[in-house]
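Structure assessment
Each chain, written out:
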Amino acid sequence: MLKPILLVEDDARDLELTLVALERSQLANEVVVVRDGAEALDYLNREGIHADRPEGNPAVILLDLKLPKVNGLEVLKSVRATEPLKSIPVVMLTSSQTESDVVQSYSLGVNAYVVKPVEFKQFVAAIADLGVFWAVLNEPPPGSLRASRRYE
């Protein structure tokens, strides 16, 4: 069973573009969409409306920086501080090129910081490459769903 990709994005246009790009990359992974940081944390911790979701972590979290309720940096900080979540790859997918955002993201343990290209073809290519790398090519840590099957 393939692990889902968790997409945390509040902007409707960016969400639509990201979903189109992931679809064009022909990944078989389900894409779970949440629209704010609080819902992302509920999903990851299996709380609130996501309390009944299947067990297991996503293959990767594609996380916007500027989110309502709980911003992307706070979500990242919480993920890295929570034992069952801290090994999930997190890609900050944002329009911010501010140096302090980049530095703070890496200091909190982000795996990659990707600035959303403005041009549609570049955006589609960047998202497709991200999806393929993190959901297919990246070797997850021992103990994750995919890795546990391989090492048994």
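Our subject is the structure listed above.
Below, the structure is looked at part by part. Here, residues in each chain are numbered from 1, in the same order as that chain's written sequence. Totals for whole chains, interfaces and linings use all residues, but because this is a predicted model, local features are given only for residues with pLDDT of at least 70 and pairs of side-chain atoms are given and counted only at 80 or more. The basis for every side-chain value is the complete set of non-hydrogen atoms in the structure, without hydrogens or water.

What follows is about the nonpolar core. Counting 22 residues, the largest nonpolar core has L6, V8, L44, I61, L63 and M92 as its most contacted members. Contributing elements (two or more residues each) for this core: strand 1 (5-8), strand 2 (31-34), helix 2 (37-45), strand 3 (60-63), helix 3 (72-81) and strand 4 (90-94). Only heavy atoms matter for contacts: two residues are in contact if any of them lie within 4.5 Å across the pair. With residues near it in sequence (within four places) discarded, I61 still touches L6, V8, L44, V79, I88, P89, V90 and V91. Among buried residues, the Ala, Val, Leu, Ile, Met, Phe, Trp, Tyr and Cys ones that are joined through side-chain atoms within 4.5 Å form a nonpolar core. Each residue is assigned to one of three classes by its accessible area relative to the maximum for its type, calculated with a 1.4 Å probe on protein chains only: buried under 20%, partly exposed between the two thresholds, exposed over 50%. By size, the runner-up hydrophobic cluster in this structure holds 17 residues, among which are L7, L15, L22 and F123. Numbering goes from the N terminus for both helices and strands, where a helix is a DSSP run of H or I of at least four residues and a strand is a run of E of at least two.

Moving on: the environment of N57. Relative to the helices and strands, N57 resides in the loop between helix 2 and strand 3. Judged by relative accessible area, which is 22%, N57 ranks as partly exposed. Separated by twelve residues in sequence, N57 and N45 place their C-alpha atoms 9.3 Å apart. Beyond its immediate stretch of four places on either side in the chain, N57 contacts K3, P4, P84, L85 and I88. At a separation of 2.6 Å, a polar atom in the side chain of N57 contacts the main-chain carbonyl oxygen of P84. Whenever a nitrogen or oxygen atom comes within 3.5 Å of another N or O atom, the pair is scored as a polar contact, on the condition that within protein one atom can donate a hydrogen and the other can accept it, and that pairs from neighbouring residues in sequence are kept only if both atoms are in side chains.

Everything listed is a geometric property; what it means functionally is a separate question.
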